[in-house]
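# Chains, contacts and geometry: an overview
One letter stands for each residue in the lines below.
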There are 4 protein chains.
Amino acid sequence: MAFVCLKDYEEKAAELVPPDSWNYFKYGACESTTVDLNSQCYKKLRLVPHCLRDVSRQDLCTSVLGFDLPMPVGLSPTGSVHMAHPEGELATARAAEKAGVIFTLSSYSGYSLEEVAAAAPSAIKWFQCYIYEDRSITEKLIRRAEEAGYKAIVVTIDSPKTRTSYPVMRRFVSGSVKPSSVRIGNFEGPLSSDYRLHVHNSSRTWDDGLKWLVELTNLPVIAKGILRAEDALNAIRVGCQGILVSNHGGRILDTTPATVE
Amino acid sequence: MAFVCLKDYEEKAAELVPPDSWNYFKYGACESTTVDLNSQCYKKLRLVPHCLRDVSRQDLCTSVLGFDLPMPVGLSPTGSVHMAHPEGELATARAAEKAGVIFTLSSYSGYSLEEVAAAAPSAIKWFQCYIYEDRSITEKLIRRAEEAGYKAIVVTIDSPKTRTSYPVMRRFVSGSVKPSSVRIGNFEGPLSSDYRLHVHNSSRTWDDGLKWLVELTNLPVIAKGILRAEDALNAIRVGCQGILVSNHGGRILDTTPATVE
Amino acid sequence: MAFVCLKDYEEKAAELVPPDSWNYFKYGACESTTVDLNSQCYKKLRLVPHCLRDVSRQDLCTSVLGFDLPMPVGLSPTGSVHMAHPEGELATARAAEKAGVIFTLSSYSGYSLEEVAAAAPSAIKWFQCYIYEDRSITEKLIRRAEEAGYKAIVVTIDSPKTRTSYPVMRRFVSGSVKPSSVRIGNFEGPLSSDYRLHVHNSSRTWDDGLKWLVELTNLPVIAKGILRAEDALNAIRVGCQGILVSNHGGRILDTTPATVE
Amino acid sequence: MAFVCLKDYEEKAAELVPPDSWNYFKYGACESTTVDLNSQCYKKLRLVPHCLRDVSRQDLCTSVLGFDLPMPVGLSPTGSVHMAHPEGELATARAAEKAGVIFTLSSYSGYSLEEVAAAAPSAIKWFQCYIYEDRSITEKLIRRAEEAGYKAIVVTIDSPKTRTSYPVMRRFVSGSVKPSSVRIGNFEGPLSSDYRLHVHNSSRTWDDGLKWLVELTNLPVIAKGILRAEDALNAIRVGCQGILVSNHGGRILDTTPATVE
């Protein structure tokens with residue numbers, strides 16, 4: 001089989017990845033309405049080209065937070081990549097290194113941030129984290145990221161609560177599947193998957209939370225999960241150097257708008 | 001099977017409820033266009049969350065007509081619930097009692113309003129009724145509801161005439177089904193189902209009808225079935241203390257807008 | 001089988017009517033885009049009822065051109081009804097007579113206008129015709145209609161040229177079907193179906209055509225086939241007493257708007 | 001089988017044309033989104049006729065660049081027509097000659113422009129070409145076209161880069177198909193199909209490219225591939241005598257708007 005577009009990779013992945021892991025990647029929150037919207041809405045966009053511009057030198061180079069990139073592309077943080085392939089985040093970090101684009105490591109990586117940094121030493125690496133109930137967990141992760149050469153902190157701010165898909169929820173409720181122990185490289189010992197549901201601090205606000213984190217580190221901080229203009233302004237106000245417009249892949253709250261909308 | 005969303009319950013009900021009863025619940029007026037719209041239109045709504053608000057204390061408490069509720073939810077009046085399950089309205093009233101939400105008993109309940117009141121003594125119970133041709137029927141029902149501890153009267157005002165679904169209509173017309181005798185707990189003796197078609201008083205107006213009822217009782221009166229702003233104002237004018245925006249589940253008149261519209 | 005809506009009759013007709021005749025009724029011009037639109041567009045309309053109006057006396061009576069009708073309904077002219085049932089226009093005229101609504105006879109009726117008049121003597125009968133190349137044909141038809149007690153003349157003005165459906169066209173082109181001789185009650189001898197394609201006068205205009213016809217008769221003249229406001233005004237200007245908004249059932253020109261639009 | 005609309009011809013062609021050639025004609029760029037849009041968008045247009053205009057003389061005659069045409073129709077340049085039928089462009093040129101409409105020969109014709117001119121001597125022939133990296137190729141083609149009696153030059157300006165369909169791309173990538181040698185009548189020797197990818201000059205602009213070509217020839221020059229009003233103005237500015245609004249059949253860039261939009 002030949003791979004010429006994203007759908008080709010998706011179809012092959014559906015064959016190769018173990019069913020339970022595939023379900024984890026495939027489904028979004030509840031009915032996956034927003035997961036579907038995320039790709040459908042691209043179909044509604046129209047390219048209307050200008051003719052006879054000089055396009056012999058096509059230069060997609062850009063610079064983000066001072067980093068020079070060959071194209072305006074970066075890998076968003078993706079949890080538990082090792083569930084799809086044993087090399088997991090080591091492999092995706094190396095791919096980003098090779099392409100020269102930004103790699104953002106999820107704090108729920110299968111490999112520790114130090115292992116990933118060692119695997120892709122010259123990649124432009126950012127580190128994603130949450131503000132935990134116990135803020136010292138967040139602080140320790142950031143210190144380790146600074147030490148390991150990560151260049152920015154991406155704080156996910158759209159998940160005060162999490163929600164899983166109806167298909168997965170049905171299997172938990174029916175008892176046919178037990179909350180599994182997922183290897184989480186950045187924490188000591190295995191973490192049961194329902195642990196995650198509780199560690200996020202849902203009382204955090206712009207000033208009592210994100211601002212604290214901005215002041216904690218000299219690394220630039222990027223707020224991920226913004227869907228409203230007013231929240232982009234909030235991010236600037238508390239000192240963030242960037243935002244990521246995102247609906248978390250439709251995995252946290254169903255029926256949010258498509259990212260491209 | 002596990003139940004994680006409304007559709008799961010609906011699918012199970014389709015298996016458990018006897019086919020004739022299920023048809024009664026399933027179909028709306030004529031072609032069920034509005035029944036379908038009622039759920040489809042929710043899919044078009046988009047949630048656009050605000051980030052980093054303090055959501056650690058999620059309080060859905062509200063107060064309706066002076067009653068404190070743990071969440072803004074109430075059970076709308078549903079006729080003939082006993083056709084779906086032998087315990088019928090006794091069971092739904094108990095469920096509402098347990099959840100602390102409002103229970104509205106249909107006058108076409110399988111159990112009498114007194115039986116339901118006895119089954120769920122501490123539920124917040126409202127009573128739904130129509131303005132009958134013979135107003136003394138309405139008055140007697142309201143007196144009984146007052147006596148039995150119902151706290152508000154919900155008057156359905158959108159059904160001067162009723163209409164059934166095409167599938168059900170075809171079976172009546174073809175003679176393969178006779179109008180059945182449905183047990184109606186609030187009336188003496190069984191009531192043939194076509195009786196209902198005639199008892200509603202289609203000559204009633206805001207002033208010669210609803211106003212009369214408002215003055216008849218000290219209980220708050222709520223007008224159910226409003227689809228136009230001007231009718232909301234009419235309800236206020238004649239002394240109602242609330243309205244229920246409703247298309248009667250698409251069961252009375254097909255091609256009305258979805259409730260959420 | 002029971003008949004509770006139009007679709008039920010349509011499905012039964014598809015069984016009973018001979019296939020060739022059914023194709024004649026079923027298909028519109030070219031791809032039947034407008035035929036489909038004509039019914040689909042009704043689905044988009046929404047009824048938004050007013051509550052608590054006095055509807056105990058439902059009076060649909062109206063008056064059209066001085067004729068009192070029990071409801072605002074009339075039968076549009078339909079050609080070759082005898083192809084669907086041997087009694088054809090005799091039966092539909094009798095049905096209209098019984099219901100008290102307007103019956104409009106197509107000039108391409110299977111029965112002569114005199115036969116139809118005799119079959120339904122007290123029906124409110126209108127007569128539909130075209131302005132033919134040879135105007136004396138039109139004049140003779142109108143004189144006969146006047147004599148036979150028809151009360152208005154409906155002039156179809158949307159068919160300077162006719163077009164058939166692609167499925168029917170394919171069968172003619174392939175030679176598997178010969179243009180048939182259809183019995184046309186109002187003309188002497190059988191009329192071959194391709195005759196019709198030529199008799200209409202495509203040079204007629206409002207002033208040199210419809211105005212001539214208006215002046216020819218004391219009967220009120222109604223212009224059928226209007227889709228533009230300016231043409232409604234034209235009809236008034238030349239002395240018509242009514243218009244019929246119509247796309248000819250989508251049978252003459254495909255991709256015109258739905259009538260209800 | 002009878003042929004009464006374009007779809008009939010398309011379906012027959014799908015049977016007759018060898019599969020590889022058919023794929024070449026059938027698919028557009030990437031996912032063929034714009035190929036589908038090109039026909040779907042016609043379905044959304046509505047014809048709203050005026051009644052009672054004199055249409056007895058239907059005259060579709062028009063004049064384009066001084067040429068009298070019986071109808072406003074012309075054949076757009078289509079590459080490799082000989083892949084669909086051995087007579088290829090000779091046959092399509094003869095058909096245009098017979099109908100009296102414009103025939104535009106693609107420079108990627110299976111037959112040389114001289115052969116086509118000889119086959120249809122009295123057709124109104126235009127010649128399509130690109131501005132090649134090596135401008136002398138373009139110049140030679142234009143001189144030959146002038147000599148052979150072509151009456152206008154159509155310059156395709158929307159393809160600085162080309163892109164094939166995903167289905168075709170997959171077959172190339174998988175190695176199951178080798179870039180084929182397509183006979184190209186206007187060039188010496190066979191031209192490998194990937195040659196085409198490189199010859200177009202993507203550095204050409206309105207002033208350094210199209211203007212050069214306009215000044216090169218006394219024939220009128222028409223810019224093909226315009227989708228923006230500003231580019232129509234650019235074409236006029238550099239001396240073009242016409243434009244062709246086109247998305248290249250959706251074959252160069254996917255998700256451009258439908259031509260009729």
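Worth saying up front: this structure is predicted, and the values here are computed from it rather than measured. (Residues numbered from 1 in each chain as written. Chains lettered and ligands numbered in written order. Predicted model: local features only at pLDDT ≥ 70, side-chain atom pairs only at ≥ 80, totals over all residues. Heavy atoms only, no water.)

### Observations regarding the overall build of chain A
For chain A, the count of helices and strands is 10 helices and 10 strands. For 261 residues, the compact-globule estimate of 2.2 N^0.38 gives 18 Å, and the C-alpha radius of gyration of chain A, at 19 Å, lies within 12% of that figure. Projected onto its principal axes, the C-alpha coordinates of chain A cover approximately 60 × 45 × 40 Å. When burial is assessed residue by residue, chain A has 46% of its 261 residues classed as buried. Across chain A, contacts joining residues at least 24 apart in sequence account for 68% of those joining residues at least 6 apart. Between the averaged position of the 29 positive side-chain charges in chain A and that of its 30 negative side-chain charges there is a distance of 3 Å. (Helix = DSSP H or I, 4+ residues; strand = E, 2+ residues; numbered from the N terminus. Rg over C-alpha atoms; globule rule 2.2 N^0.38 Å. Buried < 20%, exposed > 50% of the residue type's maximum accessible area, 1.4 Å probe, protein only. Contact = heavy atoms within 4.5 Å. Lys, Arg positive; Asp, Glu negative; His and termini not counted. Charge placed at Lys NZ, Arg CZ, Asp CG, Glu CD.)

### Thoughts on the relation of the copies chain A and chain D
Taken as rigid bodies, chain A and chain D are interconverted by a rotation of 90° and an axial shift of 0.1 Å, the fit giving an RMSD of 0.0 Å. On this basis, the relationship between the two copies can be described by a four-fold rotation axis. Among all residues of chain A, the one whose C-alpha sits closest to the rotation axis is Lys 44 of chain A, at a distance of 11 Å. (Least-squares fit on C-alpha atoms with pLDDT ≥ 70 in both.)

### What to know about helix 3 (residues 33–43) of chain B
Along helix 3 of chain B, the positions that sit buried rather than exposed are Thr 33, Thr 34, Leu 37, Asn 38 and Cys 41 of chain B. The buried residues of helix 3 of chain B occupy an angular sector of 140° when projected down its axis, which confines them to one face. Here the buried face of helix 3 of chain B lies against helix 3 (33–43) of chain C. (Arc of directions from axis to C-beta.)

### Digging into the sheet that holds strand 9 (residues 221–226) of chain A
All names here are of chain A. Pairing in this open sheet of 6 strands is parallel, and the strands run 3-4-5-6-9-10 from one edge to the other. Looking along the sheet, the strands with just one partner apiece sit at the ends: strand 3 (74–75) and strand 10 (242–245). Looking at chain direction, strand 6 (residues 152–156) and strand 9 are connected through 4 bridges and run parallel. Note on strand 9: the bridge partner recorded for Ile 153 is Val 221. On the sheet, helix 4 (residues 88–99) packs against strand 3 and strand 4 (102–105) and is oriented at approximately 160° with respect to strand 4. On the sheet, helix 10 (residues 229–237) packs against strand 9 and strand 10 and is oriented at approximately 165° with respect to strand 9. (Pairing = 2+ DSSP bridges. Axes fitted to C-alpha atoms, helices over the stretch in contact; angles between N-to-C directions.)

### Regarding the pairing of strand 10 (residues 242–245) of chain B
Residues and elements named next belong to chain B. Looking at chain direction, strand 9 (residues 221–226) and strand 10 are connected through 4 bridges and run parallel. The partner of Lys 224 across the bridge, within strand 10, is Leu 244. Between strand 9 and its parallel partner strand 10, the chain crosses via helix 10 (residues 229–237), and the hand of that crossover is right-handed. (Right-handed = clockwise from strand over helix to strand, strands pointing away.)

### Thoughts on the packing of aromatic side chains
Under the defined criterion, the tally for this structure stands at 28 aromatic pairs over all chains. Here a set of aromatic residues connected by ring pairs shows up, and it is made of Tyr 108, Tyr 130, Tyr 132 and Phe 187 of chain A. Between Arg 135 of chain B and the ring centre of Trp 212 of chain B, over which it is positioned, the NZ or CZ distance is 4.8 Å. (Phe/Tyr/Trp six-rings, centres within 6.5 Å; stacked < 30°, edge-to-face > 60°. Lys NZ or Arg CZ within 6 Å of the ring centre and 35° of its normal.)

### A closer look at the pattern of salt bridges
Residues and elements named next belong to chain A. Tallied over the full model, the rule gives 60 salt bridges over all chains. Where Glu 146 meets Arg 143, a salt bridge forms, and the shortest distance between an N and an O atom there is 3.1 Å. Taken together, the residues Glu 146 and Arg 143, both in helix 6 (residues 135–147) and 3 residues apart, mark about one turn of the helix. Exposure remark for Glu 146: the relative accessible area of 26% places this residue in the partly exposed category. (Salt bridge = Lys/Arg side-chain N within 4 Å of Asp/Glu carboxyl O.)

### Points about the sheet that holds strand 6 (residues 152–156) of chain B
Residue and element names in this part refer to chain B. Pairing is parallel across the open sheet formed by 6 strands, whose spatial order is 3-4-5-6-9-10. A strand with exactly one partner marks an edge of an open sheet, and here the two such strands are strand 3 (74–75) and strand 10. The strands touched by helix 10 within the sheet are strand 9 and strand 10, with strand 9 carrying the most contacts at an inclination of about 165°.

### Some details on the interface of chain C and chain D
Many authors give the size of an interface as the accessible area that is lost as the parts come together. If you look at the interface, chain C gives 29 residues, while chain D gives 19 residues. Taken over both partners, the interface formed by chain C and chain D buries close to 2200 Å², and the fraction arising from carbon and sulfur atoms is 61%. If you sort the residues of chain C by the area they bury against chain D, Arg 170, Arg 228 and Thr 255 of chain C come out on top, with a joint share of 23%. For the interface between chain C and chain D, the tally reads 4 salt bridges. (Buried area = accessible area lost by both parts, 1.4 Å probe.)

### Re the interface of chain A and chain D
Each partner contributes to the interface: chain A provides 19 residues, whereas chain D provides 29 residues. Where chain A packs against chain D, one counts 4 salt bridges. Here Glu 230 of chain D ties to Arg 53 of chain A by a salt bridge, and the two come within 3.9 Å at their closest N and O atoms. At the boundary of chain A and chain D, one finds 8 residue pairs in polar contact (both at pLDDT 80 or more). For the side of chain A that touches chain D, the residue count by class is 10 nonpolar, 3 polar and 6 charged. (Polar contact = N/O pair within 3.5 Å; in protein donor to acceptor, adjacent residues only side chain to side chain. Nonpolar A, V, L, I, M, F, W, Y, C, P; charged D, E, K, R; others polar.)

### A look at a nonpolar patch on the surface
All names here are of chain A. On the surface, a cluster of nonpolar side chains totalling about 270 Å² of accessible area is made up of Tyr 42, Leu 45 and Val 260. Within the element layout of this structure, Tyr 42 appears in helix 3 (residues 33–43). Under the relative-accessibility criterion, Tyr 42 is labelled exposed at 51%. (Patch = residues over 30% accessible without salt bridge, like charges linked within 9 Å, V, L, I, M, F, W, Y side chains within 5 Å. Areas by Shrake-Rupley, 256 points an atom, 1.4 Å probe, with all protein chains shown as cover.)

### Brief notes about the pairing of strand 5 (residues 124–129) of chain A
Residue and element names in this part refer to chain A. Most of strand 5 is tucked away, with 6 of its 6 residues classed as buried. Handedness of the β-α-β unit built from strand 4, helix 5 (residues 113–119) and strand 5 comes out right-handed. In the sheet, strand 5 pairs with strand 6 via 4 bridges, with the strands oriented parallel. Among the inter-strand pairings, Cys 129 is bridged to a residue of strand 6, identified as Val 155. As a crossover connection, the stretch from strand 5 through helix 6 into strand 6 is right-handed.

### Points about the side chain of Ser 106 of chain A
All names here are of chain A. Along the chain, Ser 106 falls in the loop between strand 4 and helix 5. The exposure class of Ser 106 is buried, given its relative accessible area of 6%. Discounting residues that sit within four places of it in the chain, Ser 106 has contacts with Pro 77, Thr 78, Gly 79, Phe 127, Gln 128 and Asn 186.

### Some details on the state of the cysteines
Disulfides are covalent bonds that connect the sulfur atoms of two cysteines. The tally for this structure, following the rule as stated, stands at 0 disulfides over all chains. Not engaged in a disulfide, the cysteine Cys 51 of chain B finds its nearest cysteine sulfur in Cys 240 of chain A; these two sulfurs lie 11 Å apart. Looking at the unpaired Cys 30 of chain D, the closest cysteine sulfur is the one in Cys 5 of chain A, lying at 8.3 Å. (Disulfide = S-S within 2.5 Å.)

### Here we look at the confidence of the model for chain A
Across chain A, the average pLDDT comes to 91, with 92% of residues at 70 or higher. Two summary scores accompany this predicted model of the complex, namely pTM at 0.90 and ipTM at 0.89. (pLDDT = per-residue confidence, 0-100.)

### Looking at unusual backbone geometry
One non-glycine residue, Thr 255 of chain B, lies in the positive phi region at around 70°. Of note, Thr 255 of chain B is situated in the segment after strand 10. Overall, the relative accessible area of 17% leaves Thr 255 of chain B in the buried class. Even without being glycine, Ser 80 of chain C reaches a positive phi, approximately 55°. In this fold, Ser 80 of chain C is placed in the loop between strand 3 (74–75) and helix 4 (88–99).

### Re the side chain of Lys 224 of chain C
Residues and elements named next belong to chain C. You can see Lys 224 is positioned in strand 9 (residues 221–226). Despite its burial, Lys 224 remains without a salt bridge, the nearest opposite charge being carried by Asp 158 at 5.0 Å. Sequence-distant contacts of Lys 224, defined by excluding residues within four places in its chain, comprise Pro 77, Val 154, Val 155, Thr 156, Ile 157, Asp 158, Leu 244, Ser 246 and His 248.

### Details of helix 7 (residues 166–173) of chain B
Residue and element names in this part refer to chain B. Those residues of helix 7 not exposed but buried are Tyr 166, Val 168 and Met 169. Buried residues along helix 7 cover an arc of 160° about the axis, so they all sit on one side. Residue Ser 165 occupies the N-cap position of helix 7, its side-chain oxygen lying 3.1 Å from the main-chain nitrogen of Val 168.

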